[in-house]
Amino acid sequence: MNSYYSNLLKVLPEGNLERRTDITTGHEAIYKDGKLLFSDSDDAVLKPDLTESIVAEPHLVLFGSGHVGKALYDLAVLQDMKVTVFDPRSELMTQDRFPKATRIVGEFEEILSKDYEDFHAPYYCIFTHGHLHDEQCLLYALRHPHAYIGMIGSKAKVAHCMEIVRNSGITDDMLTKLHTPIGLSINAVTPQEIAISIMAQIVSVFRTDKNAVTIDTQIVRKAASERGIMARIIKKDGSSPRSVGSMIFVTENDFIGTVGGGAVERIAIDRSRELLKKNERLLVEHYSLKPTGPLNMTCGGENTIMYKLIV
């Protein structure tokens, strides 16, 4: 297992991370609050060519599949967010209603007794049927790593929940990321309007640092356990499909992630597999995305991609 990416998978939920890269050597190091956490070499990358704030891509976990949950799911799909839905009502948890979500059907007592290894600082949203299981879901969320917790409900219901969770050992410090009533105050009435208010709040939390690079934890997990080439955009000029920090991890048989699609992605995948066959450790290449360039793309910008062997 690659220790650098396995460590990155562990610390991504913490937030406030900085990735420093030496482009000449390809070495990377992760810092938090100015202190080195770990690197992929013996060096601390003291004079980086590239420094980025990094955060995990948002993963919505919905406790409840009713009208608000479905409307919030629809908004998440528009933004290519990963979504997991929990609900015991199999008649609502269908492929037709949630075609792009992970659906976990079962009684809350059962499904909340498990840990889910692909949850990395998720955004928990709580609106169970009849509010019968909100307290259970809230306790679960508070006791696991999270980036956001939102719970729907009246002032009286919220006060009752707060009494229960505090009596269960939850401290005020543990409640700092709880938003209740859930969503921004926009006078929302319909489920769709409520979903918009919730998504706006989630985006505001996620984009606290609007320049942060988002990291797909599925890419990190795959790089932690398989041999491949990590191709990452390290420089961008002008218009291009993806920003600096976008990554694609390529193995002999498949790939995960993206550096923009189209011709630039095709060449990135082909180049990665060439490097894998040759067992080459590092390559940096510059690409023109102009219509007059060799890739015949219409974006008009330029990208520089760093290819790095991961073993």
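Use the structure listed above.
Residues numbered from 1 in each chain as written. Predicted model: local features only at pLDDT ≥ 70, side-chain atom pairs only at ≥ 80, totals over all residues. Heavy atoms only, no water.

**Some words on the overall build of the chain**
Helices and strands together make up the secondary structure of the chain, namely eight helices and 16 strands. Whereas a compact globule of 311 residues would reach a radius of gyration of roughly 19 Å, the chain reaches 21 Å, a difference of no more than 12%. With respect to the three principal axes, the spread of C-alpha positions in the chain is 60 × 40 × 35 Å. Expressed as a percentage of its 311 residues, the buried residues of the chain come to 50%. In the chain, once contacts between residues fewer than 6 apart in sequence are set aside, the share between residues at least 24 apart is 58%. (Helix = DSSP H or I, 4+ residues; strand = E, 2+ residues; numbered from the N terminus. Rg over C-alpha atoms; globule rule 2.2 N^0.38 Å. Buried < 20%, exposed > 50% of the residue type's maximum accessible area, 1.4 Å probe, protein only. Contact = heavy atoms within 4.5 Å.)

**Overview of helix 4 (residues 134–142)**
For helix 4, the tally of buried residues reaches eight of nine residues, placing the bulk of the element in the interior. Turning to helix 4, its buried residues number three or more, namely Asp 134, Glu 135, Cys 137, Leu 138, Leu 139, Tyr 140, Ala 141 and Leu 142. Where helix 4 is buried, its residues meet strand 5 (59–63), helix 3 (108–111), strand 8 (123–126), strand 9 (148–151), helix 5 (155–167) and strand 10 (178–179).

**What to know about the nonpolar core**
With 27 residues, the main nonpolar core has Leu 60, Leu 62, Leu 72, Val 83, Cys 125, Phe 127 and Ile 198 as its most contacted residues. Listed by contribution, the elements that provide at least two residues to this core are strand 5, helix 2 (67–78), strand 6 (82–87), strand 8 and helix 6 (191–206). Residues in contact with Val 83, not counting those within four places in the same chain, are His 59, Leu 60, Leu 62, Tyr 73, Ala 76, Ala 101 and Thr 102. One finds Phe 63, Leu 112, Val 158 and Cys 161 within the second-largest nonpolar core, a separate group that totals 26 residues. (Core = buried A, V, L, I, M, F, W, Y, C linked by side-chain atoms within 4.5 Å.)

**Here's the deal with the pairing of strand 8**
Regular strands place side chains that alternate from one sheet face to the opposite one. The alternating pattern of strand 8 places Tyr 123 and Cys 125 on one face and Tyr 124 and Ile 126 on the opposite face, and all of these are buried. Pairing of strand 5 with strand 8, which is carried by four bridges, proceeds in the parallel orientation. Across the sheet, the residue bridging to Val 61 is Tyr 124, located in strand 8. For strand 8 and strand 9, the ladder comprises four bridges, and the chain directions are parallel. (Pairing = 2+ DSSP bridges.)

**Overview of the pattern of salt bridges**
In the structure shown here, the tally under the stated rule is 16 salt bridges. What emerges from the salt-bridge pattern is a single network uniting Arg 19, Glu 28, Asp 40, Glu 52, Arg 232 and Lys 308. (Salt bridge = Lys/Arg side-chain N within 4 Å of Asp/Glu carboxyl O.)

**Focus: the packing of aromatic side chains**
Enumeration over the complete set of coordinates arrives at 13 aromatic pairs. The ring of Tyr 31 has Arg 20 lying over it, and the distance from NZ or CZ to the ring centre is 3.6 Å. (Phe/Tyr/Trp six-rings, centres within 6.5 Å; stacked < 30°, edge-to-face > 60°. Lys NZ or Arg CZ within 6 Å of the ring centre and 35° of its normal.)

**Digging into the packing of helix 1 (residues 3–11) against helix 7 (residues 217–225)**
Relative orientation and spacing of two packed helices are given, respectively, by the angle between their axes and the distance between those axes. Interaxial distance between helix 1 and helix 7 falls to 7 Å at its minimum, and their mutual angle equals 145 degrees. Both helix 1 and helix 7 take part in a crossing whose hand is left-handed. Residues Tyr 5, Ser 6, Leu 8 and Leu 9 of helix 1 form the contact with helix 7, whose own contacting residues are Thr 217, Val 220, Arg 221, Ala 223 and Ala 224. Broken down by class, the residue content of the contact of helix 1 with helix 7 amounts to six nonpolar, two polar and one charged. (Axes fitted to C-alpha atoms, helices over the stretch in contact; angles between N-to-C directions. Left-handed = near helix turned anticlockwise from the far one by under 90°. Nonpolar A, V, L, I, M, F, W, Y, C, P; charged D, E, K, R; others polar.)

**Focus on unusual backbone geometry**
Note the cis peptide between Thr 180 and Pro 181, where omega equals 0 degrees. In this fold, Pro 181 is placed in the loop between strand 10 and helix 6. If you check the backbone angles, Asn 16 has positive phi at about 55 degrees while not being a glycine. With respect to the helices and strands, Asn 16 occurs in the loop between helix 1 and strand 1 (17–21).

**Let's talk about the side chain of Arg 20**
Here Arg 20 is to be found in strand 1. Classification of Arg 20 as buried rests on a relative accessible area of 16%. A polar atom in the side chain of Arg 20 sits 2.6 Å from the side chain of Glu 18. Aside from chain neighbours lying at most four places away, what touches Arg 20 is His 27, Glu 28, Ala 29, Tyr 31, Gly 34, Val 45, Pro 48, Leu 50 and Thr 51. (Polar contact = N/O pair within 3.5 Å; in protein donor to acceptor, adjacent residues only side chain to side chain.)

**Describing the side chain of Lys 308**
Here Lys 308 shows up in strand 16 (residues 302–310). Lys 308 sits in the buried class, given a relative accessible area of 6%.

**As for the state of the cysteines**
A complete count under the given rule lists zero disulfides for this structure. In this structure Cys 161 is a free cysteine whose sulfur lies 10 Å from that of Cys 137, the closest cysteine sulfur available. Look at Cys 161 and you get buried, because its relative accessible area is 0%. (Disulfide = S-S within 2.5 Å.)

**Description of the packing of helix 4 against helix 5**
The geometry of helix 4 relative to helix 5 is characterised by a closest axis approach of 10 Å and an angle of 55 degrees between their N-to-C directions. Judged by the angle between their axes, helix 4 and helix 5 are oblique. For the pair helix 4 and helix 5, the crossing hand works out as right-handed. Contacts between helix 4 and helix 5 involve Asp 134, Glu 135, Leu 138, Leu 139 and Leu 142 from the former and Lys 157, His 160, Cys 161, Met 162, Ile 164 and Val 165 from the latter. Broken down by class, the residue content of the contact of helix 4 with helix 5 amounts to seven nonpolar, one polar and three charged. (Parallel < 35°, antiparallel > 145°, perpendicular 65-115°, else oblique.)

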